[in-house]
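As a plain string of letters, each chain reads:
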Amino acid sequence: MKQYIVDENDTLWRIGKRFGVTVVQLAEANGLKGKKIHQLRIKQKLWIPDNDVPLPDSRLLLDFRGMDFSRITPKKVKVAYDGREEIYTFEDDHSLDLCIQDHACGLKVWIEDLDKNMMPVLDREILPIGTWKVGIDSRKIKSDGTLQTQRGDAATSTSDLKTAIVQNAQLEKGKTTFEQTRVESGRPIHAIATIYTEANLRLSPGNERYRIYVIAAAKKYGLTPQSLAALIDAEAAKKDNTWQENSNEYNSDLAQGLAQFFVPAWTDVLNDPSSLLNIDCRKMKRAEQFKNRLVAKYAIDGAAAYALQNLTNFAKDTKYQIENLPPEDKAKVAYMLHHEGLKGAKRVIGIGKPLTRDEATERLVQQLGKKNIKKVDQLIAQYDGDAVAAYKGWLFSYTDSKINVNSFVVKDAEQFTNPPRTAAAIIAALSSQPQIIAPKPKPALSPQTKKENIAPARTNIKEASPTQGGKVAAPPAVGNTDSSWHDPLATCTLRTATLANKKGACFGWTRNGGKRAHQGIDLVAVPGTDIYAVANGVVYSAKSPYYKYDYGNTLVLVVNVNDLPQEQAAIFKKVNPGRNTIGFFYSHLSEIPSQKSFPVNVGDVIGKTGSTGSAEGMTTINNGAHLHFEVRQDALKKITGLNNRVDPLLFIKNCTNR
């Protein structure tokens, strides 16, 4: 895929038209959803998908940081993936955005030091599928304006620890984006037991306040601070790299608190006589007990108690020697048990009722998304058609990427021994079964046998832009006529039926004895008539929240001013100063999309008119059947009266009785 840098007045629709791809393809390739589709930034990097090439297995944003954890800009970075090598040069960027077509080929990364040597900083044999942010730290590098070939001191003092920043497993909306850290020479390092000490727990500055609780809970339940921190970090909601103690505070039905507990799991913790929650809170009212999900000391102790419960039950049911595992292995097994549940984990490893091909395929679809059926098929093919092996492979790779105990270890490389075991190796050793085979590389991306294919050094600049005289062509002006408009109905006629005259269907006309002003216009339409997207934008749909809701079923189309034609853009600038989006609102609908939000193109059918809400019973032209259509300055804000509204008739191109 090509990379494009957003310019002034760019929108996804304009970029898509320029490169011959759809907005949906652009959004999927760049992980854009909802409001982010309209929130492009100048100099933002976007991947342009190739219609002839499937979407990549993995998208990785590599973020480079020095010994002090401040972001650094390498002079050169070499990467090896998809069977080839490339070299990138940098000017003022701190990160490298990579699209990996084949996760089975892995990834290696090197940074050039001042002696022009390429130093390895990352080595992964198999990559996780999905979108990940990867922080690359090296304890052998200090940042002093540039990369230095000198060793940094181990951060062992309290003051040093408070400056340490580790970013792991950052979940965003939709759980599609994660963040992890790789240290030393790229591979996570297996730490020997003697270095697991209090001073060797590495936490971000914002998480330092939780240190005492992590250490106490780890000691109490036979874990290590590092393994417990890794488990919490894999689940916690974060802001500025800090675990959020009050996550989902106002919705008790969701996973709440620092350790993201649902009610059933929290109940298990409450019933554990060794848990701090049971000891301190068993006499409290139930509501108070569940509020304590938002209290860090109970959440952290509960996370450790719950992990031990799962490990103990797993050992009891399987007869596996879980207690003999090193702490970093226990953390991975505990995470798999949390992800799959005890029964599900046993089925994955072949205990009890075996996982069927159909079940494994369905699980892959759930994890990778229904839009990625082709990717699911490709992944199964890479495991010789074995869907069960493909799901196991996905689960083990996902666990390895989520649980990186050694990101929470401070000491230097001399204190480490062997690389840690993979989740696949751990389960194979416990079960005395052969380790699951690695996925085969895709045929078209098999490693090259000829000499190195190193791409020419290049800067991260905009590619494939049309040029004039060697310069990038100026972007089209706002409201350029290359944008299009489609009226909301094929034929727009102001309603007159059941009203004194057509003025009653117009914007601002008072109704109900002068008590209420009409907030839009009414256009004649029998129920079931197609409604159209008036411009390129994002649709948000909503079913009627209750029977007597005036608007009934509704949707709003959010449009960027740069995607309006010149005439409508000029109206926009007069009525909507200071904003770059405007909303077109449709109500009383009989059919709306099942998706809550998605991008559409001008002229797309986005629903059907109806008689829901206050239009109940208006099923014919003679008794007032219509589409209520509004224009809102702030598209998604609900405000009474005429505030936030604009006369929609100004935007309509063809009205039969204007």
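Residues numbered from 1 in each chain as written. Predicted model: local features only at pLDDT ≥ 70, side-chain atom pairs only at ≥ 80, totals over all residues. Heavy atoms only, no water.

This part is about the overall build of the protein. Regarding its fold elements, the protein presents 15 helices and 27 strands. When the 658 residues of the protein are sorted by exposure, 53% land in the buried category. The contacts in the protein between residues at least 6 apart in sequence include a share of 71% that link residues at least 24 apart. Just so you have it, the protein exposes about 30200 Å², and 51% of that area is on carbon and sulfur atoms. (Helix = DSSP H or I, 4+ residues; strand = E, 2+ residues; numbered from the N terminus. Buried < 20%, exposed > 50% of the residue type's maximum accessible area, 1.4 Å probe, protein only. Contact = heavy atoms within 4.5 Å. Areas by Shrake-Rupley, 256 points an atom, 1.4 Å probe, with all protein chains shown as cover.)

Time to look at the pairing of strand β7 (residues 107-112). Of all six residues that make up β7, five are buried, and the element is covered over most of its length. The pairing of strand β4 (residues 76-81) with β7 spans five bridges and is antiparallel. Each bridged residue has a counterpart across the sheet, and for V79 the counterpart in β7 is V109. Judged from the six bridges that link them, β7 and strand β8 (residues 118-124) form a sheet pairing that is antiparallel. Paired with E112 across the two strands is M118, which belongs to β8. In sequence, β7 turns back onto β8 through a hairpin of five residues, with K116 there showing a positive phi of about 70°. (Pairing = 2+ DSSP bridges.)

Taken N-terminus to C-terminus, the directions of helix α10 (residues 327-348) and helix α11 (residues 357-368) make an angle of 145°; their axes are 13 Å apart at the nearest point. Regarding α10 and α11, the two cross each other, and that crossing is left-handed. Residues H339, E340, G344, R347 and V348 of α10 pack against E359, R363 and Q367 of α11. The class makeup of the residues in the contact of α10 with α11 is one nonpolar, three polar and four charged. (Axes fitted to C-alpha atoms, helices over the stretch in contact; angles between N-to-C directions. Left-handed = near helix turned anticlockwise from the far one by under 90°. Nonpolar A, V, L, I, M, F, W, Y, C, P; charged D, E, K, R; others polar.)

Time to look at the sheet that holds strand β5 (residues 84-89). In spatial order, the strands read β5-β4-β7-β8; together these four strands make up an open sheet with antiparallel pairing. Where the open sheet ends on each side, the last strands, each with one partner, are β5 and β8. Within the sheet, the average angular offset between the axes of one strand and its neighbour, ignoring direction, is 20°. Both β4 and β5 contribute to a ladder of six bridges, which runs antiparallel. Paired with Y81 across the two strands is R84, which belongs to β5.

Glancing now at the pattern of salt bridges. A complete count under the given rule lists 21 salt bridges for this structure. Between E359 and R347 there is a salt bridge, with its nearest N and O atoms 2.5 Å apart. On the criterion of sequence distance, the pair formed by E359 in helix α11 and R347 in helix α10 is long-range, its members being 12 residues apart. Among the residues examined, E359 registers a relative accessible area of 26% and is labelled partly exposed. R495 is paired through a salt bridge with D522; the nearest N and O atoms lie 2.9 Å apart. Of this pair, R495 sits in the loop between β16 (471-472) and β17 (510-511) while D522 sits in strand β19 (residues 521-524), and the two are 27 residues apart along the sequence. Look at R495 and you get buried, because its relative accessible area is 5%. Through salt bridges that share partners, D57, K375 and K442 make up one connected network. (Salt bridge = Lys/Arg side-chain N within 4 Å of Asp/Glu carboxyl O.)

Here the focus is the confidence of the model for the protein. Looking at the protein as a whole, its pLDDT mean stands at 80, while 81% of the residues score no less than 70. Per-element mean pLDDT across the protein ranges from 28 in strand β15 (residues 467-468) up to 97 in strand β20 (residues 530-532). Considering only residues more than four positions removed or in separate chains, one finds that residues 140-197, a stretch of pLDDT under 50, has 196 contacts. Long-range and interchain partners of residues 448-481, a stretch whose pLDDT sits below 50, account for 71 contacts in this model, where long-range means more than four residues apart. (pLDDT = per-residue confidence, 0-100.)

A few words now on unusual backbone geometry. Positive phi is not limited to glycine here, since N9 has a value of about 70°. Locating N9 in the fold gives a position in the loop between β1 (2-5) and α1 (12-19). You can call N9 partly exposed: its relative accessible area is 22%. A positive phi angle, near 65°, is found at H588, a position not held by glycine. Inspection of the secondary structure puts H588 in strand β23 (residues 581-591). On the basis of relative accessibility, which here comes to 4%, the residue H588 falls in the buried class.

This brings us to the packing of aromatic side chains. Applying the stated criterion to the full structure yields 17 aromatic pairs. On the basis of an interplanar angle of 40° and a centroid distance of 6.3 Å, the ring pair of Y335 and Y398 is categorised as tilted. One end of the pair, Y335, is in helix α10; the other, Y398, is in helix α13 (residues 387-402), with 63 residues separating them in the sequence. By relative accessible area, Y335 is classed as buried at 3%. Chaining the aromatic ring pairs together yields one cluster made of W132, Y335, Y391, W394 and Y398. The side chain of K78 reaches across the aromatic face of W110, ending 4.4 Å from its centre. Positioned above the aromatic ring of F585 is the side chain of R632, whose terminal nitrogen or guanidinium carbon lies 3.9 Å from the ring centre. (Phe/Tyr/Trp six-rings, centres within 6.5 Å; stacked < 30°, edge-to-face > 60°. Lys NZ or Arg CZ within 6 Å of the ring centre and 35° of its normal.)

As a further point, take the packing of α11 against helix α12 (residues 373-382). Taken N-terminus to C-terminus, the directions of α11 and α12 make an angle of 130°; their axes are 9 Å apart at the nearest point. As the angle between them shows, α11 and α12 are arranged oblique. The two elements α11 and α12 cross, and the hand of that crossing is right-handed. Taking contact as the criterion, the partners of R357, T361, L364, V365 and L368 in α11 are, on α12, I373, V376, L379 and I380. For the contact of α11 with α12, the residue count by class is seven nonpolar, one polar and one charged. (Parallel < 35°, antiparallel > 145°, perpendicular 65-115°, else oblique.)

What follows deals with the side chain of N30. Tracing the backbone through its elements, the reader meets N30 in helix α2 (residues 23-30). The exposure class of N30 is buried, given its relative accessible area of 7%. In terms of polar contacts, N30 uses its side chain to reach the backbone amide nitrogen of W47, at 2.6 Å. Among residues more than four places away in sequence, those in contact with N30 are K45, L46, W47 and R59. (Polar contact = N/O pair within 3.5 Å; in protein donor to acceptor, adjacent residues only side chain to side chain.)

We now examine the environment of F90. If you trace the backbone, F90 turns up in the loop between β5 and β6 (95-100). With 13 residues separating them in the primary sequence, F90 and V77 have C-alpha atoms 8.3 Å apart.

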